[in-house]
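# Inside the fold
What follows is each chain in one-letter form.
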Amino acid sequence: MGGSRLQQTIRQIWQNREAYLMLAPFMLIFLIFTVVPVVMSLPIGFTDFNMVQLPKFVGLSNYSTLFLNDTIFIQSIRVTLIFALLTGPVSYVLCFLLAWLINELPQKLKTLFTLIFYAPSMANVYTVWQLIFSGDTYGYLNSLLLKLRIITAPVQWLTDGRFVLGTVIVVQLWVSLGAGFLALRAGFQNIDRTLYEAGAIEGIRNRFQELIYITIPAMAPQMMFAAVMQIVGSFTAGTVAQSLVGFPSTDYKAHTIMTHAYDYGWVRFEMGYASAICMILFVVMLLCNKAISRILGKYME
Amino acid sequence: MTKSIASVKGSSRMVGSRLAGTIMIFLFLTILGIFMALPIYLAVIMAFKPVQELFVFPPKLYVLDPTLDNFRDMFRTLSNLWVPFERYVFNSVLVTVCVTLAQCVFASMAAFVLAKCRIPGGTFLNKLIVVSLLYQSNVIYIMQYLIMARLRDTYWALILPAVASPMCLFLMRQSMASVPDAMIEAAKVDGANLFTIFWKIVIPNQKPALMTMMIFAFQAAWNIQGGSLVSRESLKTLPTAAAQAASAGLARAGVAMAAAVVMLVPPVVVFMLAQRQVIETMAHSGIKE
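Residues numbered from 1 in each chain as written. Chains lettered and ligands numbered in written order. Predicted model: local features only at pLDDT ≥ 70, side-chain atom pairs only at ≥ 80, totals over all residues.

## Here we look at the overall build of chain A
Rules: Only DSSP runs of H or I covering at least 4 residues are called helices, and only runs of E covering at least 2 are called strands; the numbering of each starts at the N terminus. C-alpha atoms define the radius of gyration in this analysis, and the globule rule sets the expected value at 2.2 Å times the number of residues to the power 0.38. Working definition of burial: number of other C-beta atoms within 10 Å of the residue's own, with buried at 20 or more, exposed at 12 or fewer, and partly exposed in between, all C-beta atoms being placed from the backbone. By definition, residues are in contact whenever their C-beta atoms, placed on the basis of the backbone, come within 7 Å of each other.
Looking only at helices and strands, one finds 14 helices and 2 strands in chain A. Its C-alpha atoms give chain A a radius of gyration of 24 Å, more than 25% over the compact-globule value 19 Å for 301 residues. Over its C-alpha atoms, taken along the principal directions, chain A stretches across nearly 70 × 60 × 30 Å. In chain A, which comprises 301 residues, the share counted as buried stands at 44%. Across chain A, contacts joining residues at least 24 apart in sequence account for 67% of those joining residues at least 6 apart.

In structure tokens:
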């Protein structure tokens, strides 16, 4: 019984040899340079590894230290959750909304607006944000607010513990119209126009009905892609914060899980510990992805 | 007859309200767009500001006395580096072209199979792609370093790890999911092999996603630095050179911005060319199936 099933699978594989051949170039490179390193890195979280000596197995002690003794880690979980819950959904909705609105414009304007909203993802200009939020009166924001008499003394946007997280969130939102946004733009562009004509015959009157009954169902795959991109973007953010408010940030107010992993990995060379931190983040993102695909999946059917 | 007149009237009213809606959308996007573009505008004007204007109070939104000094400084620094500047340009162009081409071809072929062929292991590979996107760990780089033992300090070290991007594959897979199965079945009945179906039927249908993937691939490839995999200066790429030109404190902020602006030109050009193709798709996509 089992043998015949195996035979059947082998026959199926042979019948699909063309398909496997087309998969092969990508999957081979993917396997060697991504999957193997990932699999090799999985057990590191259970070891003590300083990159000089061989990893030493320590069981769950990294994890127990993280949750029981590392108050900064607990703080970083809080920061990451606040950060992800604020930037993730907002940027996802923005991605979709802007991609849709741009789609309603005449052709010439489409390229222009897509470029304007996507440009922050291409440019590497955190220096400018440093000038905008600069704590002295030379900062653009401070000088504007002083001129408008909203504030009387310059605000330390980048170092005052009350403001750092907010500042980082603003900049993160600015760069967040990235891959997801562009994929949604492409998706809108590829919707079959005849669907709208058919919809008009069946009594669809305005843009919103078009959006609900035609566009969103046709866009389900791209929306899933954008969701995954926004999850990754909002949970793993850390570089924006590090280049903007410094490392470590004042009172660890903008200290995300990713920053914590960077701290232990590349500053203290405790790779085992850093790896355990990344593993926890991975589990959180995995759960989040499960939840979102369930919601999107239900909505699409 | 009367019916058709009524429908024309109705549709002209609809066109009117559509136009008003479009103008509203345009205004909304313009206001939001100004805020989005402001930091980039500031970066660009900073590249043209002479040093003494960098610290003027109150900070100005325009340049009083535009200069090309920052760009001149940048090129002067670049021509004094260890390796001739042309070498960095060559390395970057080579790596970018190879990675972009390979990534687009390999990822779209694999995406077609994963989206449209029911093969043993297909579901697993689909899941693996998404999971690999979610797993971010700094230990991966160490493992890559170990795996690349033989290839370190070669062009392969710059190119190979970047070729198989799960993001590009995932994008194409999602987009190809909407290709009707009936179309593929019909071609199979006509005796077309899988590659012909992919190349002649699916790819022409996927222009927006393909062009979008090209933007991602180019952008990622253009920023490749090689990290610890490449230590020889003669193998380093433009981002490394630009970082060297820009790394001299805030007094050199203008030079840093000049470097950022110059580095931004190729991705923006590619973006514009590709995006135009994406938008043209609409005009022709009436005939699908």
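## Quick word on the overall build of chain B
Counting secondary structure elements, chain B contains 13 helices and 0 strands. Ordering the α and β elements of chain B from the N terminus gives α-α-α-α-α-α-α-α-α-α-α-α-α. Rg of the C-alpha trace for chain B: 25 Å, well past the compact-globule value of 19 Å for 289 residues, more than 25% over. Here the C-alpha coordinates of chain B stretch approximately 75 × 60 × 30 Å along the principal axes. Taken over 289 residues, chain B has a buried fraction of 40%. The contacts of chain B with a sequence gap of at least 6 include a subset with a gap of at least 24, amounting to 79%.

## What about unusual backbone geometry?
Residues and elements named next belong to chain A. Note the cis peptide between Phe247 and Pro248, where omega equals -5°. Tracing the chain through its elements places Pro248 in the loop between helix H12 (239–245) and helix H13 (257–267). Within the chain, Met51 stands out as a residue other than glycine whose phi angle is a positive 75°. Looking at where Met51 falls in the secondary structure, it is placed in the loop between strand E1 (47–48) and strand E2 (56–57).

## Observations regarding the packing of helix H4 (residues 71–103) of chain A against helix H8 (residues 164–175) of chain A
All names here are of chain A. Just so we agree on the cut-off: Angles run from 0 to 180 degrees between N-to-C directions of axes, and those axes are lines fitted to C-alpha atoms, restricted for helices to the stretch in contact. Crossing handedness is read from the near helix: turned anticlockwise from the far helix by less than a right angle, it gives a left-handed crossing, and turned clockwise, a right-handed one. Residue polarity follows a fixed list, in which Ala, Val, Leu, Ile, Met, Phe, Trp, Tyr, Cys and Pro are nonpolar, Asp, Glu, Lys and Arg are charged, and the others, Gly among them, are polar.
In the contact formed by H4 and H8, the axes pass within 10 Å of each other and the chain directions differ by 35°. For the pair H4 and H8, the sense of crossing is right-handed. Residue-level inspection shows Val79, Phe83, Leu86, Thr87, Val90 and Ser91 of H4 in contact with H8, the latter providing Leu165, Ile169, Gln172 and Leu173. Among the residues forming the contact of H4 with H8, the class breakdown is 7 nonpolar, 3 polar and no charged.

## Some points on the domain arrangement of chain B
Rules: In this document the domain limits rely on a domain assignment from an automatic tool or a database.
Here the domain parsing of chain B yields domain 1 (2–47) and domain 2 (69–284). The gap between the C-alpha centroids of domain 1 of chain B and domain 2 of chain B is 33 Å.

## Considering the environment of Ser176 of chain A
All names here are of chain A. As for its placement among the helices and strands, Ser176 is situated in the loop between H8 and helix H9 (179–189). For the pair Ser176 and Gly233, spaced 57 residues apart in sequence, the C-alpha to C-alpha distance is 7.4 Å. Ignoring anything within four residues of it in the chain, the contact list for Ser176 reads Thr87, Ser91 and Gly233.

## Some remarks on the interface of chain A and chain B
With 82 residues of chain A at the interface, the matching set in chain B holds 82 residues. Here the side of chain A that touches chain B takes 18 residues from helix H2 (residues 17–41) of chain A, the largest share from any one element. A per-class count over the side of chain A that touches chain B returns 55 nonpolar, 20 polar and 7 charged.

## Concerning the nonpolar core
The cut-off we apply is this: For our purposes the nonpolar core covers buried Ala, Val, Leu, Ile, Met, Phe, Trp, Tyr and Cys residues that link as a set through C-beta atoms within 7 Å.
If you look at the biggest cluster of nonpolar residues, it comprises 166 residues, and the most contacted ones within it are Phe26 of chain A together with Ala43, Ala110 and Met213 of chain B. For this core, the element with the highest residue contribution is helix H13 (residues 253–284) of chain B, accounting for 15 residues. A domain split of this core shows at least three residues from each of domain 1 (2–47) and domain 2 (69–284) of chain B. The contacts of Ala110 of chain B, once residues within four sequence positions are left out, are Met22, Leu23, Phe26 and Met27 of chain A together with Leu169 of chain B.

## Some points on the environment of Pro84 of chain B
Here Pro84 of chain B is to be found in the loop between helix H3 (69–79) and helix H4 (85–116). A tally of 12 C-beta atoms within 10 Å means that Pro84 of chain B is categorised as exposed.

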